[in-house]
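Examination of the molecular architecture
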Amino acid sequence: MGNSDYVYPDRQSPHRVAVPPPQPFFKSFKNSLKETFFPDDPLRQFKNKPPSQKLLLGLQYFLPILEWGPRYSFEFLKSDLIAGITIASLAIPQGISYAKLANLPPILGLYSSFIPPLIYAMMGSSRDLAVGTVAVASLLLGSMLGDEVNAAENPTLYLHLAFTATFFAGLLQASFGLLRLGFIIDFLSHATIVGFMAGAATVVILQQLKGVLGLEHFTHSTDIISVLRSVFSQVHEWRWESAVLGVGFLFFLLITRYFSKRRPKLFWISAMAPLTSVILGSLLVYLTHAENHGVQVIGNLKKGLNPPSFGDFVFTSSYLSTAVKTGMVTGIIALAEGIAVGRSFAMFKHYNIDGNKEMVAIGTMNIVGSCFSCYLTTGPFSRSAVNFNAGCKTAMSNVVMAIAVMFTLLFLTPLFHYTPIVVLSAIIMAAMLGLIDYEAAIHLWKVDKFDFVVCMGAYLGVVFASVEIGLVIAVAISVLRLLLFIARPRTFVLGNIPNSTIYRNVEQYPTTNSVPGILILEIDAPIYFANASYLRERISRWIDEEEDRLKSAGETSLQYVILNMSAVGNIDTSAISMFEEVKKTTDRRGIKLVLANPGAEVMKKLNKSKLVEMIGEEWIYLTVGEAVEACHYKLHTCKPDSSNEETQQWNNV
């Protein structure tokens, strides 16, 4: 960067920065609330509509089926029928597997694939989300409830707590949507979710060694040390028959997934593989009587539809806190996964989903589900991907899936008696391997090292401590980064791009020229109490460094400091105090403070605080170019203020 090529523009009359007209407090407060809670302006569609039309639009908002239902066609039905049957073939074995993962009776996995999908089909805005239980939430539910109640010793209380936790999870989810608090979910960053999901998947895979090796006693802890200690301390109890079956079916599931990825049109092979494994495993056990040789089986599954459970909620003080805490944590995780999956597939099909509406739909289906023997459900990625690839057109595919599960509950549950536990373990392991997204972690490392640290913090926390601790670590690191962004905003020096009036960061554009006697700084964030002191010190340091550079180079002394305020969206009273102190500091050093392009909110507060008068309206400009032009003009046509001369003489002494 140099100053030899700097060309001064012709002197023109500068534009004045306007102070926005005052607004009533109530109107300003109303606008702030609207931007915070209603950025998508959901009430826009109700404007200038008759009452009957408003009622219909209101019903369609909460029940989207009333919007797309009248337009439903036979062509859509054919596509949804195929997709629904396909995801049902995946939902049945996965539901049974994930219920075991949560230490719940296997039949609850089927119950949870019947009622919630029906609710979501009416209230959900995603066409592709396939509703059901998920491994991570199941693991989290089992881990948190297991810390308080042993599922083997007190299964009834454990089951009732699971229903109660699901109820509170749904209540929280629906409340987030109704109160427009969806932005809270955004604190779970992409890096956090990648690391958390990978860590949870690793833990789930390790826990499935119990089923693969045919172990009857296993640790309730989820950390890798406890799991491996439990596995290798029982080497004498390993069942080779179970291990052979587990490895064989896992290999089969992974091979079918590989072929489906290579040829997307063969997606149905991977989708049918879990149910095929259950059928083949059950036949093998039945024909060889493998249950008598160390291969554990599911046993009897109760026939019939979901029994009501709203009378089983546990509201006693000794267990209420456990249910509430479990519901809140698992509810947020399930909500984040469901909305992320829904948005991903909506992007592929070029339509939008309403996050707050999705929260209401997911929360309502969990509230209703908890009253009918269901535990926590959301939109799992694997099932939704199969639904998407199968060509679903609307949420009706969830209804088809629910009907298939209902038929299974009524007539087919006895057929699962001989289903080996090891097959369910293989199904879970195959599904979890897909959640370890190492490519995303590599991408984070290449693009943003701090995001990679967040990702690994979540992963290592889950794997070596617990699922809850891993989540807390990841969120804590993410919030710390957010605080650092706020408390330590970037400031940088601007230089002039040759043969233009454009000023840009000198580090990004090394060919820019400095302007003799003028230091141009840009503040890259709003100024609040959290960063006001830092910015005051940083601006002083920039001035010191610039004066030292000019002195060593023998160039013109520093006369003006221009602060480019383009990126400063707002300020508070601490920022105003900071500007007052910077103004006093520059005055003592014989330097004039100049502001460029302050926004409406900033200008309004500067005017009300009398800071405009203190700085001088003639020293506030619309652009950096105008500010530089004015400073150059006064630098070469006007003598410095006498007060500045006295200050310089005092500094020399």
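Conventions used here
Residues numbered from 1 in each chain as written. Predicted model: local features only at pLDDT ≥ 70, side-chain atom pairs only at ≥ 80, totals over all residues. Heavy atoms only, no water. UniProt positions renumbered as here; feature names shortened; annotations may be inferred. Helix = DSSP H or I, 4+ residues; strand = E, 2+ residues; numbered from the N terminus. Buried < 20%, exposed > 50% of the residue type's maximum accessible area, 1.4 Å probe, protein only. Areas by Shrake-Rupley, 256 points an atom, 1.4 Å probe, with all protein chains shown as cover. Lys, Arg positive; Asp, Glu negative; His and termini not counted. Charge placed at Lys NZ, Arg CZ, Asp CG, Glu CD. Core = buried A, V, L, I, M, F, W, Y, C linked by side-chain atoms within 4.5 Å. Phe/Tyr/Trp six-rings, centres within 6.5 Å; stacked < 30°, edge-to-face > 60°. Polar contact = N/O pair within 3.5 Å; in protein donor to acceptor, adjacent residues only side chain to side chain. Contact = heavy atoms within 4.5 Å. Salt bridge = Lys/Arg side-chain N within 4 Å of Asp/Glu carboxyl O. Expected span 1.5 Å × (residues − 1). Arc of directions from axis to C-beta. Patch = residues over 30% accessible without salt bridge, like charges linked within 9 Å, V, L, I, M, F, W, Y side chains within 5 Å. Pairing = 2+ DSSP bridges. Axes fitted to C-alpha atoms, helices over the stretch in contact; angles between N-to-C directions. Parallel < 35°, antiparallel > 145°, perpendicular 65-115°, else oblique. Left-handed = near helix turned anticlockwise from the far one by under 90°. Nonpolar A, V, L, I, M, F, W, Y, C, P; charged D, E, K, R; others polar. pLDDT = per-residue confidence, 0-100.

- The chain appears in an unreviewed UniProt entry as STAS domain-containing protein from Hibiscus sabdariffa.
- Per UniProt, the chain carries the Subcellular location (unreviewed entry) text "Membrane".

1. Comments concerning the overall build of the chain
- Looking only at helices and strands, the chain features 27 helices and 6 strands.
- Seen through its C-alpha atoms, the chain measures out along the principal axes to roughly 105 × 70 × 55 Å.
- When each of the 653 residues of the chain is scored for burial, the buried share is 51%.
- Element-wise, carbon and sulfur atoms account for 62% of the exposed surface of the chain, whose accessible area totals about 31100 Å².
- Between the mean site of the 52 positive side-chain charges and the mean site of the 50 negative ones, the chain shows a separation of 7 Å.

2. Topic: the nonpolar core
- Grouped together as the largest cluster of nonpolar side chains are 110 residues, with contacts concentrated most on I96, L104, L141, F196, Y375 and M432.
- Within the second largest apolar cluster, 51 residues are counted, among which are F492, L535, W619 and A630.

3. Considering the packing of aromatic side chains
- With the rule as written, the count across this model stands at 18 aromatic pairs.
- On the numbers, 5.1 Å between centres and 85° between planes, the contact of Y61 with F62 is edge-to-face.
- Judged by relative accessible area, Y61 falls into the buried class, the value being 15%.
- You can call F62 partly exposed: its relative accessible area is 41%.
- Aromatic side chains F407 and F411 sit 5.1 Å apart centroid to centroid with 55° between the ring planes, which places their arrangement in the tilted category.

4. Points about the side chain of S89
- Inspection of the secondary structure puts S89 in helix α4 (residues 74–101).
- Here T86 takes part through its backbone oxygen, which lies 2.5 Å from a polar atom of the side chain of S89.
- Setting aside its immediate chain neighbours within four residues, S89 contacts A271, M272 and L275.

5. Observations concerning the pattern of salt bridges
- One pass over the structure, following the stated rule, counts 12 salt bridges.
- Between D128 and K349 there is a salt bridge, and its shortest N-O distance comes to 2.8 Å. Of this pair, D128 sits in the loop between α6 (115–123) and α7 (135–146) while K349 sits in the loop between α14 (317–348) and α15 (355–370), and the two are 221 residues apart along the sequence.
- By relative accessible area, which is 0% here, D128 ends up buried.
- Among the salt bridges present, the one from R541 reaches E545, with a minimum N-O distance of 3.5 Å. One end of the pair, R541, and the other, E545, are both in helix α22 (residues 532–553), 4 residues apart, so they sit about a helical turn from each other.

6. A look at helix α2 (residues 51–62)
- For α2, built from 12 residues, the straight-helix expectation of 16 Å at 1.5 Å per residue is met to within 8% by its first-to-last C-alpha distance of 17 Å.
- Those residues of α2 that sit buried are L57, Q60 and Y61. Around the axis of α2, the buried residues are gathered within 105° of arc, so they sit on the same side. Turned more than 90 degrees off the buried face of α2, the exposed positions are P51, S52 and L55.

7. Things to note about a nonpolar patch on the surface
- Side chains of F183, I184, F187, L482, L483, F485 and I486 sit close together on the surface and give an oily, nonpolar patch of about 610 Å² of accessible area.
- Position of F187 among the secondary structure elements: in the loop between α8 (155–178) and α9 (190–207).
- Judged by its relative accessible area of 41%, F187 falls in the partly exposed class.

8. Examining the pairing of strand β4 (residues 560–564)
- Counting buried residues along β4, 5 of its 5 residues qualify, which places the element largely inside the surrounding structure.
- Side-chain alternation along β4 places Y560, I562 and N564 on one buried face and V561 and L563 on a second face that is also buried.
- For strand β3 (residues 518–523) and β4, the ladder comprises 5 bridges, and the chain directions are parallel. Looking at the pairing, I520 lines up with I562 of β4.

9. A short note on the packing of α22 against helix α23 (residues 573–588)
- It is at 9 Å that the axes of α22 and α23 come closest, and there the two elements cross at 20°. As the angle between them shows, α22 and α23 are arranged roughly parallel. As α22 packs across α23, the resulting crossing turns out to be right-handed. From α22, A532, L535, R536, I539, S540 and I543 reach across to α23, where they touch S574, A575, M578, E581, V582, T585 and T586.
- Its residues assigned to classes, the contact of α22 with α23 shows 7 nonpolar, 4 polar and 2 charged.

10. Re the environment of L280
- Note on placement: L280 falls in helix α13 (residues 267–288).
- Residues L280 and F249, 31 residues apart in the sequence, show an inter-C-alpha distance of 9.5 Å.

11. Quick word on a positive patch on the surface
- On the surface, K27, K30, K34, R44 and K47 cluster together to form a positively charged patch.
- Inspection of the secondary structure assignment puts R44 in the loop between α1 (25–37) and α2.

12. A closer look at the UniProt feature "domain: STAS" (unreviewed entry) in the chain
- As recorded in UniProt, the feature "domain: STAS" (unreviewed entry) lies at residues 508–631.
- Counted over residues 508–631, helix gives 48% and strand 15%. Its end C-alpha atoms are 25 Å apart.

13. Some thoughts on the confidence of the model for the chain
- For the chain, the mean per-residue pLDDT works out to 88, and 95% of the residues sit at or above 70.
- Between residues 640–653, whose pLDDT stays under 50, and residues either more than four places distant or in other chains, the model counts 12 contacts.

14. Looking at the sheet that holds strand β2 (residues 503–505)
- A sheet is described by the order of its strands in space; here 6 strands give the open sequence β2-β1-β3-β4-β5-β6, paired in mixed fashion. Each having just a single partner strand, β2 and β6 (620–621) make up the two edges of the open sheet.
- Of the pairings in the sheet, the one linking β4 to strand β5 (residues 592–596) comprises 5 bridges and is parallel in character. Residue pairing for β5: Y560 is matched across the bridge by K592.

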